[in-house]
Structure formats: C-alpha cells, structure tokens
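Observations on the model geometry
Here are the chains, one letter per residue:
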Amino acid sequence: MEETIFTKIRDGKIPSVKLYEDEECFVIMDINPIVKGHSLVIAAKPYRNIGECPQETLDHMMAIAKKLDSKLREELNCDGTNILINNDPASGQEVPHLHIHVIPRFLNDGRSFGFAHDRYEDGEMARLGERLRLG
Ligand code: AMP
C-alpha cells in the first residue's frame, strides 16, 4: 500500500496532535479546521475509499467517531457535529487515505457547506429509486 501524508503522520514522520490510536485507526486534529476542534478518524491502513475498507474497520472507525462526538460536546460545549467522509476525489477528497471528519458545530456559527441542489423532473425520482433500491 502507498505512503500518504496520513501514513507519515501515523508513523511519526510528520508531527500532529494525536488524540487516539489503536490497531485499526488513529485520530488527529485537522491542521486547517472548519471549526476549532475539527478532527479526523483515519484508517491505520491507507484504504482510498470506503469500498476498499473492511466493514469491521469502518464500523470501528464510526464507533471512534461517536466517542469523539461525545468528547467535543463535553469539552467544547458544541451544539452538534458534522460527521462526514469525502469518498474519492470527485467528492472533494484531497488525501487519498480514508478518514472521517468530525467537525464541532455551534448554533449560528455561520459555517455552510453551500451545496447547490439538483431538481428532479416529473417521475424521475421514482424511476431512479427503482435502480438504487438496496437488496
Ligand atoms: P479531505 O479533503 O477529505 O481529503 O480532507 C483532508 C483533510 O486533511 C483536510 O481537512 C486537511 O486540512 C487535513 N490535513 C492535511 N494535512 C494535514 C496535516 N499534516 N495534519 C492535519 N490535518 C491535515
């Protein structure tokens, strides 16, 4: 597997503020936070996306994200969090090494993802739903 900026951080070759580490994942503070306290739950191995990541590892990473959510609420008194994965470059992923962003949010903090929205034609959503139904 390839070396990434996160494998270098994992191995201590690049400094970071590390909040947690185990065999499956580690947690660091994001160097360019959307809101202070923004942290990343990073897979120990450099899977590029969730498709490459074993289900148990992903489940474990989400359990750690949940703990981090609680910690951010306790320590920062934030009102909520954004928990998200940019999954491949088309979605805005810059570091090709699976990680979950956990971003503390405060009511009226003024942050916005600013997504534009698509609009369905008549019947289009139902037709697409037929194709997207999970087995
Ligand atoms: P993504 O666009 O989902 O791949 O997010 C990558 C994240 O990694 C960004 O939020 C960056 O600010 C963060 N990042 C990049 N380099 C470092 C670093 N050396 N230490 C901490 N966070 C970093």
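Preceding this section is the structure that the text describes.
Residues numbered from 1 in each chain as written. Predicted model: local features only at pLDDT ≥ 70, side-chain atom pairs only at ≥ 80, totals over all residues. Heavy atoms only, no water.

1. Focus on the sheet that holds strand β1 (residues 18-21)
Backbone-to-backbone hydrogen bonds join strands into a sheet, with any given pair of strands oriented parallel or antiparallel. Selection criterion: Any two strands with at least two DSSP-identified bridges between them are counted as paired. Only DSSP runs of H or I with at least four residues qualify as helices, and only runs of E with at least two residues qualify as strands; both kinds are numbered from the N terminus onward. To get an axis, a line is fitted to the C-alpha atoms, and for a helix only the part in contact is used. The angle between two axes follows their N-to-C directions and goes from 0 to 180 degrees. Contact definition: two residues touch when any of their heavy atoms are within 4.5 Å.
Across the sheet, which stays open at both edges, the five strands sit in the order β1-β2-β3-β5-β4 with antiparallel pairing between neighbours. Since the sheet does not close on itself, it has two edges, and those belong to β1 and β4 (80-84), each with one partner. Direction aside, the axes of adjacent strands within the sheet are offset by 15° on average. Relative to strand β2 (residues 25-29), β1 is paired through three bridges, and the arrangement is antiparallel. When the sheet's bridge partners are listed, Lys-18 is paired in β2 with Ile-28. Running over the sheet, helix α2 (residues 55-76) touches β1, β2, β3 (39-43), β4 and β5 (99-105) and is turned about 20° from β5.

2. Structural notes on α2
We apply this condition: In this scheme, a helix's expected span is set at 1.5 Å multiplied by one less than its residue total. Buried means the residue's accessible area, taken with a 1.4 Å probe over protein chains only, is under 20% of the maximum for its type, while exposed means over 50%, and partly exposed covers the values in between. Note: the arc covers the axis-to-C-beta directions of the helix.
Over its 22 residues, α2 runs 31 Å from end to end, which matches the ideal 32 Å to within 8%, given 1.5 Å per residue. Residues of α2 that are buried: Thr-57, Leu-58, Met-61, Ile-64, Ala-65, Leu-68, Asp-69 and Leu-72. The arc that holds every buried residue of α2, seen down its axis, measures 160°, which confines them to one face. Away from its buried face, by an angle of more than 90 degrees, α2 presents the exposed residues Glu-56, Lys-66, Lys-67 and Glu-74. Buried residues along α2 sit against β1, β2, β3, β4 and β5. A positive backbone phi angle near 60° is found at Asn-77, which sits one or two residues after α2.

3. Looking at the nonpolar core
Rules: In this text, buried Ala, Val, Leu, Ile, Met, Phe, Trp, Tyr and Cys residues form a nonpolar core when linked through side-chain atoms within 4.5 Å.
Of all hydrophobic cores here, the largest spans 16 residues; its most connected members are Val-41, Met-61, Leu-68, Leu-98, Ile-100 and Val-102. Listing elements by their share of this core, those giving two or more residues are β2, β3, α2 and β5. The biggest single contributor to this core is α2, with six residues. The residues touching Leu-68, leaving out its near neighbours within four places in the chain, are Leu-19, Val-27, Ser-39, Val-41 and Val-102. Counting residues in hydrophobic clusters, the runner-up holds seven residues, among them Phe-26, Ile-28, Leu-40 and Ile-42.

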